[in-house]
Amino acid sequence: MSGPSDYQPSNPALQWIERRLPILGLMHSSFVAYPTPRNLNYWWTFGAILSFMLGMQILTGVILAMHYTPHADLAFKSVELIVRDVNYGWLLRNMHAVGASMFFVAVYVHMFRGLYYGSYKEPREVLWILGVIIYLLMMATGFMGYVLPWGQMSFWGATVITNLFSAIPYVGESIVTLLWGGYSVGNPTLNRFFSLHYLLPFLIAGVVVLHVWALHVAGQNNPDGVEPKTEKDTVPFTPHATIKDMFGVACFMLLYAWFIFYMPNYLGDADNYIPANPGVTPPHIVPEWYYLPFYAILRSIPNKLAGVIGMFGAIIILCFLPWLDAAKTRSSKYRPLAKQFFWIFVVVCILLGYLGAQPPEGIYVIAGRVLTVCYFAYFLIVLPLLARIEKPRPVPNSISDAVLAKTGSRSTPMVSTAIMLALAGSLFAGSVDSAKASEGSDTPPGNKWSFSGPFGKFDRGALQRGLKVYKEVCASCHGLSYVAFRNLAEPGGPSYSVAQAAAFASEYKVKDGPNDAGDMFERAGRPADYFPSPFPNEQAARAANGGAAPPDLSLITKARSYKRGFPWFIFDFFTQFQEQGPDYVSALLQGFEDKVPEGVTIPEGSYYNKYFPGHAIKMPKPLSDGQVTYDDGSPTTVAQYSKDVTTFLMWTAEPHMEARKRLGFQVFVFLILFAGLMYFTKKKVWASSH
Amino acid sequence: MNPDASTIAAGAPIEVDLSPVAEGQDIKVFWRGKPIYISHRTKKQIDEARAVNVASLPDPQSDEARVKSGHEQWLVVIGICTHLGCIPIAHEGNYDGFFCPCHGSQYDSSGRIRQGPAPANLPVPPYQFVSDTKIQIG
């Protein structure tokens with residue numbers, strides 16, 4: 001892509017091809033001989049990291065699509081079946097879901113890098129605008145992908161986001177109908193989102209080709225912002241940049257793997273483990289973390305249309321950046337004022353992200369308005385003004401001068417550390433879990449779970465006892481519809497033998513049919529059958545339980561959470577704490593109190609529970625001491641029952657958890673070795689260039 | 001990409017029997033995938049809705065224009081917040097009407113926006129009374 005190549009393959013077959021289609025020459029001149037500035041730092045490896053992430057998303061996505069069913073009634077279940085039954089389906093899903101977040105982490109670093117070093121300036125305007133287009137496409141793709149699992153947050157996120165378009169005067173409503181393919185978000189919406197979610201990544205790949213093409217025409221920018229002048233200023237792309245990028249990718253994969261194997265739900269929302277319900281809006285609708293700054297801007301503007309314009313404007317304004325910032329000096333390294341404002345801007349973005357996750361009330365609204373003004377002021381006032389009044393420091397004559405002068409200088413690592421910290425902050429700010437179970441109730445006490453931590457395993461005894469508690473107590477009202485009897489004999493579960501699972505299944509009556517006479521009939525359960533639900537449908541469950549349908553328990557420990565709050569959610573990332581769900585379920589089971597505290601009124605037919613949001617729960621106290629007999633001598637107390645049944649329900653929510661953590665350890669050992677190998681290879685390759 | 005024929009057909013008018021809804025209660029029915037709130041308003045709610053100065057409202061509309069005359073006790077509105085499409089909760093908020101949990105919009109007992117970011121009143125779907133205790137929506 002950088003001019004005609006003089007590359008000639010030595011193999012006659014390749015020569016034959018090359019004369020007819022010079023693709024090898026193109027590859028050679030673009031990715032081997034291509035001169036890359038020798039002073040690039042590690043922030044420049046994010047281009048390669050992004051390419052890697054795009055490839056990863058397309059690869060995992062194509063395989064997931066082979067197993068996914070885009071139908072409003074089946075989508076949620078099909079995703080659960082991918083996780084439970086498809087070979088390494090849990091891995092594919094985690095890689096894809098976490099991959100979306102990692103993709104955005106990388107793209108934000110990449111964009112801030114461009115902002116800091118002035119990579120959008122002449123002659124790289126088109127390169128920058130192509131990048132903004134990729135970013136917009138990524139946002140659309142990410143949003144549509146989040147809709148596909150068809151959980152509560154998927155459904156309501158889709159409702160809120162599609163309704164943004166209704167703010168457009170005159171044509172807004174028709175556009176929204178067109179997006180929905182109906183009168184509300186429903187099956188047609190899911191179908192078209194699936195189709196577009198499959199299409200857009202390939203469009204992104206196409207624009208990425210243009211982006212790389214434009215990059216190779218204009219040449220890479222570099223930390224000093226001076227164009228390469230002589231051969232001494234550059235090194236060939238391969239092996240120098242290739243090996244450096246490999247090391248960068250390996251390090252990034254460590255972070256990626258941390259989420260995949262140890263914190264797969266950290267960046268998600270517990271509400272999305274509840275199937276979509278068009279009749280119930282979750283209390284807090286929060287988009288994925290990567291949209292939060294823009295969501296905060298939307299909410300801080302009190303007028304609907306102005307809010308929507310502000311939100312989209314916050315992204316579109318990036319397209320005009322090359323002309324808003326007219327300063328001749330590219331790199332902020334030589335712009336003392338621009339550098340400071342850049343960091344203020346980064347903090348503004350992170351704080352906006354934090355506010356986007358908070359309820360829109362009181363101080364949060366005011367702070368949101370102030371920060372929205374700051375966001376736009378950076379582009380519309382600060383940058384144009386700085387171009388006029390700032391006196392930049394002299395830039396070096398050439399890249400080699402800069403490299404020689406820098407030997408021993410320590411400014412770059414400091415800046416790098418600061419960016420790293422800021423980035424980590426933004427990640428955490430966005431990852432605040434939904435406050436599903438937190439409204440006006442006590443925080444559940446923490447427990448010691450055998451399955452927590454990087455080497456956690458289920459306690460077999462607890463699983464077996466929990467199954468007994470479920471069967472004898474919970475099962476009279478609550479279903480367990482994603483769990484099959486065969487699962488009881490699978491590795492990582494309660495460790496029953498196949499025969500025991502079959503015997504267990506045969507105690508159940510399962511409806512089957514129709515038979516040859518066209519009648520439905522009942523037969524004994526088989527291992528392939530799923531736990532039968534106690535009620536034929538949700539309405540029956542509702543009618544039999546005073547208007548509140550008992551939820552299915554298959555996913556309950558992942559579908560419930562409580563707000564950890566600042567700063568706990570930051571520590572949680574390092575300690576791998578993700579047992580909010582089990583803590584809540586266990587606390588709820590023990591949280592019934594006969595004596596209602598002062599000031600709380602419990603409606604008739606409800607019961608007081610200390611940990612239930614709003615305290616009035618329709619479920620009567622389910623467990624009492626001695627209710628279920630244990631054969632293994634464990635204490636038959638409510639505390640023990642709660643602990644056992646919660647452990648069992650954690651297993652039903654994630655039957656492959658042990659496999660996940662085991663594989664995670666192996667992957668980490670491999671990645672650390674691989675990254676080390678890459679690091680020393682890189683050192684060797686670059687030894688002569690420094 | 002507009003709605004297909006079956007979607008349009010499924011959106012045909014529906015009839016709702018109002019006789020089981022006692023005063024002060026409300027029911028939620030689905031029409032075209034949208035929740036429709038049918039409230040049997042109390043005298044107090046009607047009086048509150050009519051006492052307000054219409055010109056002072058963000059989206060001025062009198063209560064008389066939002067219900068069918070002769071059936072003032074029945075309020076029929078599409079239960080979708082005009083801000084960003086969440087479902088407001090009935091009998092909550094400061095105006096004896098609806099409260100949207102997403103972004104805090106509050107509607108009064110006539111479904112009119114009184115406070116919060118929503119720009120318009122809860123829309124009234126097309127409906128008529130087939131008899132005193134039965135309405136047809138659509």
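Computed from a predicted model, the values in this text were never measured in an experiment. (Residues numbered from 1 in each chain as written. Chains lettered and ligands numbered in written order. Predicted model: local features only at pLDDT ≥ 70, side-chain atom pairs only at ≥ 80, totals over all residues. Heavy atoms only, no water.)

Q: How should I be thinking about the UniProt feature "domain: Rieske" (unreviewed entry) in chain B in this particular structure?
A: Under the UniProt annotation, the feature "domain: Rieske" (unreviewed entry) is placed at residues 49–136 of chain B. Regarding residues 49–136 of chain B, the helix share stands at 8% and the strand share at 28%, and the terminal C-alpha atoms are separated by 24 Å. (UniProt positions renumbered as here; feature names shortened; annotations may be inferred. Helix = DSSP H or I, 4+ residues; strand = E, 2+ residues; numbered from the N terminus.)

Q: When you look at the packing of aromatic side chains in this model, what are you seeing that I'm missing?
A: Ring pairs (aromatic) are described by centroid distance and by the angle formed between their planes. Residue and element names in this part refer to chain A. Taken as a whole, this structure holds 64 aromatic pairs over all chains when the rule is applied. Look at Phe46 and Phe252: their rings are 6.1 Å apart centre to centre, the planes differ by 85°, and that puts the pair in the edge-to-face class. On the criterion of sequence distance, the pair formed by Phe46 in helix H3 (residues 46–67) and Phe252 in helix H10 (residues 237–262) is long-range, its members being 206 residues apart. Each member of the pair, Phe46 as well as Phe252, is classed as buried. Arranged with centres 5.4 Å apart and planes meeting at 80°, the rings of Tyr630 and Tyr641 form a pair that is edge-to-face. With a gap of 11 residues between them, Tyr630 in the loop between strand E6 (616–617) and helix H24 (638–653) and Tyr641 in helix H24 connect regions that are remote in the sequence. Residue Tyr630 is classed as buried on the basis of its relative accessible area, which comes to 11%. Since its relative accessible area comes to 0%, Tyr641 is described here as buried. By way of ring pairs, the aromatic residues Trp44, Phe112, Tyr116, Tyr117, Phe342, Trp343, Phe345, Tyr375, Phe376, Tyr378 and Phe379 are connected into one cluster. Directly above the aromatic system of Tyr42 lies the positively charged group of Lys244, at a separation of 5.0 Å from the ring centroid. When the ring centre of Tyr630 is taken as origin, the NZ or CZ atom of Arg465, which lies over that ring, is 5.6 Å away. (Phe/Tyr/Trp six-rings, centres within 6.5 Å; stacked < 30°, edge-to-face > 60°. Buried < 20%, exposed > 50% of the residue type's maximum accessible area, 1.4 Å probe, protein only. Lys NZ or Arg CZ within 6 Å of the ring centre and 35° of its normal.)

Q: Is there a simple way to think about the sheet that holds strand E6 (residues 97–99) of chain B in this case?
A: Two strands in a sheet stick together by hydrogen bonds in their backbones, pointing the same way (parallel) or opposite ways (antiparallel). Residues and elements named next belong to chain B. The strand order across the open sheet built from four strands is E5-E6-E7-E8, with neighbouring strands paired in antiparallel fashion. Looking along the sheet, the strands with just one partner apiece sit at the ends: strand E5 (89–92) and strand E8 (113–115). Both strand E7 (residues 106–107) and E8 contribute to a ladder of two bridges, which runs antiparallel. Residue Tyr107 lies in a different strand from E8, and its bridge partner there is Ile113. (Pairing = 2+ DSSP bridges.)

Q: How should I be thinking about the interface of chain B and chain A in this particular structure?
A: Between chain B and chain A, the contact holds 22 residues from the first and 25 residues from the second. Both sides together, the interface formed by chain B and chain A hides about 1900 Å², and carbon and sulfur atoms give 63% of it. When the buried area of chain B at its contact with chain A is split by residue, Met1, Leu84 and His103 of chain B rank highest and sum to 30% of it. Where the side of chain B that touches chain A is concerned, the elements lending two or more residues are helix H1 (5–10) and strand E2 (26–31) of chain B. Its residues assigned to classes, the side of chain B that touches chain A comprises 11 nonpolar, eight polar and three charged. (Contact = heavy atoms within 4.5 Å. Buried area = accessible area lost by both parts, 1.4 Å probe. Nonpolar A, V, L, I, M, F, W, Y, C, P; charged D, E, K, R; others polar.)

Q: Got a minute to help me understand the environment of Arg560 of chain A in this structure?
A: When you line up the elements, Arg560 of chain A lands in the loop between helix H21 (556–559) and helix H22 (568–575). Spatially, the C-alpha atoms of Arg560 of chain A and Phe103 of chain A are 27 Å apart, while their sequence positions differ by 457 residues.

Q: What is the right way to read the nonpolar core from this model?
A: What tends to happen in soluble globular proteins is that the nonpolar side chains get buried as a cluster. Residues and elements named next belong to chain A. Met102, Phe104, Tyr108, Tyr135, Phe294, Tyr375 and Phe379 are the most contacted members of the largest nonpolar core, which has 139 residues in total. It is helix H5 (residues 89–116) that provides the largest number of residues to this core, a total of 17 residues. Here this core spans two domains, and each of domain 2 (40–405) and domain 3 (460–663) adds at least three residues to it. For Tyr135, the contacting residues outside a window of four places in its chain are Phe104, Val107, Tyr108, Met111, Phe294 and Ile315. In terms of nonpolar packing, the next biggest core, distinct from the first, is built from 39 residues, Phe451, Leu488, Phe577 and Leu588 among them. (Core = buried A, V, L, I, M, F, W, Y, C linked by side-chain atoms within 4.5 Å. Domains from an automatic or database assignment.)

Q: How should I be thinking about the pattern of salt bridges in this particular structure?
A: Oppositely charged side chains may form a pair once their charged atoms are brought near each other. A complete count under the given rule lists 28 salt bridges over all chains for this structure. Note that Asp632 of chain A is salt-bridged to Arg465 of chain A, the shortest N-O span being 2.7 Å. With Asp632 of chain A in the loop between E6 and H24 and Arg465 of chain A in helix H18 (residues 460–472), this residue pair connects regions lying 167 residues apart in the sequence. Using a relative accessible area of 11% as the deciding quantity, one classes Arg465 of chain A as buried. Residue Arg114 of chain B is joined to Asp108 of chain B by a salt bridge in which the shortest nitrogen-to-oxygen separation is 2.8 Å. Three or more residues are tied together by salt bridges with common partners; here these are Lys121, Asp325, Arg335 and Glu390 of chain A. (Salt bridge = Lys/Arg side-chain N within 4 Å of Asp/Glu carboxyl O.)

Q: Where do I start with the sheet that holds strand E3 (residues 34–40) of chain B in this structure?
A: All names here are of chain B. Taken in spatial order, the three strands of this open sheet run E2-E3-E4, and their pairing is antiparallel. The sheet is open, and its two edges are formed by E2 and strand E4 (74–78), each paired on a single side. Ignoring which end each strand starts from, the neighbouring axes of this sheet average 20° apart. Where E2 meets E3, six bridges bridge the pair, whose relative direction is antiparallel. Looking across to E3, one finds that Ile27 is bridged to Ile38. (Axes fitted to C-alpha atoms, helices over the stretch in contact; angles between N-to-C directions.)

Q: Just to check I follow, could you spell out the domain arrangement of chain A for this structure?
A: Where the parts come together, the accessible area they lose is often given as the size of the interface. Here chain A is described as being made up of domain 1 (1–33), domain 2 (40–405) and domain 3 (460–663). Taking only C-alpha atoms into account, the centre of domain 1 of chain A sits 62 Å from that of domain 3 of chain A.

Q: Honestly, unusual backbone geometry in this entry has me stumped. Any pointers?
A: In terms of backbone geometry, most residues other than glycine have negative phi values and most peptide bonds are trans. Residue and element names in this part refer to chain A. Residue Pro239 follows Thr238 across a cis peptide bond; omega there is 10°. One non-glycine residue with positive phi stands out, namely Tyr170, at about 65°. Residue position: Tyr170 is located in the loop between helix H7 (152–164) and helix H8 (172–180). Taking the relative accessible area as the measure of exposure, Tyr170 reaches 85% and is therefore exposed. Of note, Gln576 is a non-glycine position whose phi angle comes to about 60°, a positive value. You can see Gln576 is positioned in the loop between H22 and helix H23 (580–590). Judged by its relative accessible area of 5%, Gln576 falls in the buried class.

Q: I keep staring at H8 of chain A and nothing clicks. Help me out?
A: One turn of an α-helix holds 3.6 residues; hence residues three or four places apart share an orientation. All names here are of chain A. Residues of H8 that are buried include every one of Gly172, Val176 and Trp180, and no others. Relative to the axis of H8, the buried residues are bounded by an arc of 70° and lie together on one face. Looking at the buried residues of H8, the elements they touch are H7 and helix H9 (187–218). Just downstream of H8, Gly181 is the residue with a positive phi angle, here 65°. (Arc of directions from axis to C-beta.)

Q: Sorry if this is basic, but what is going on with the packing of H10 of chain A against helix H25 (residues 657–686) of chain A here?
A: The axes of two packed helices give the description: the angle between them and the distance between them. All names here are of chain A. Orientation of H10 relative to H25, taken along the N-to-C sense of each, is 160°, at an axis distance of 9 Å. Taken together, the axes of H10 and H25 lie roughly antiparallel to each other. As H10 packs across H25, the resulting crossing turns out to be left-handed. Class assignment for the residues of the contact of H10 with H25 results in 25 nonpolar, three polar and four charged. (Parallel < 35°, antiparallel > 145°, perpendicular 65-115°, else oblique. Left-handed = near helix turned anticlockwise from the far one by under 90°.)

Q: How do you make sense of the packing of H5 of chain A against helix H14 (residues 336–356) of chain A when you look at a structure like this?
A: Residues and elements named next belong to chain A. Interhelical geometry of H5 versus H14 gives an angle of 155° and a closest axis separation of 11 Å. One element, H5, and the other, H14, form an angle in the roughly antiparallel class. Where H5 crosses over H14, the handedness of that crossing is right-handed. Touching Phe112, Leu115 and Tyr116 of H5 are Lys339, Phe342, Trp343, Phe345, Val346 and Cys349, all from H14. For the contact of H5 with H14, the per-class residue count stands at eight nonpolar, no polar and one charged.

Q: Is there a simple way to explain the confidence of the model for chain B in this structure?
A: A low pLDDT means the predicted coordinates there should not be read in detail. All names here are of chain B. When pLDDT is averaged along chain B, the result is 87, and 100% of the positions lie at 70 or above. Of all the helices and strands in chain B, E5 carries the lowest mean pLDDT, 82, while E4 carries the highest, 92. With a pTM of 0.89, the predicted complex shows an ipTM of 0.74. (pLDDT = per-residue confidence, 0-100.)

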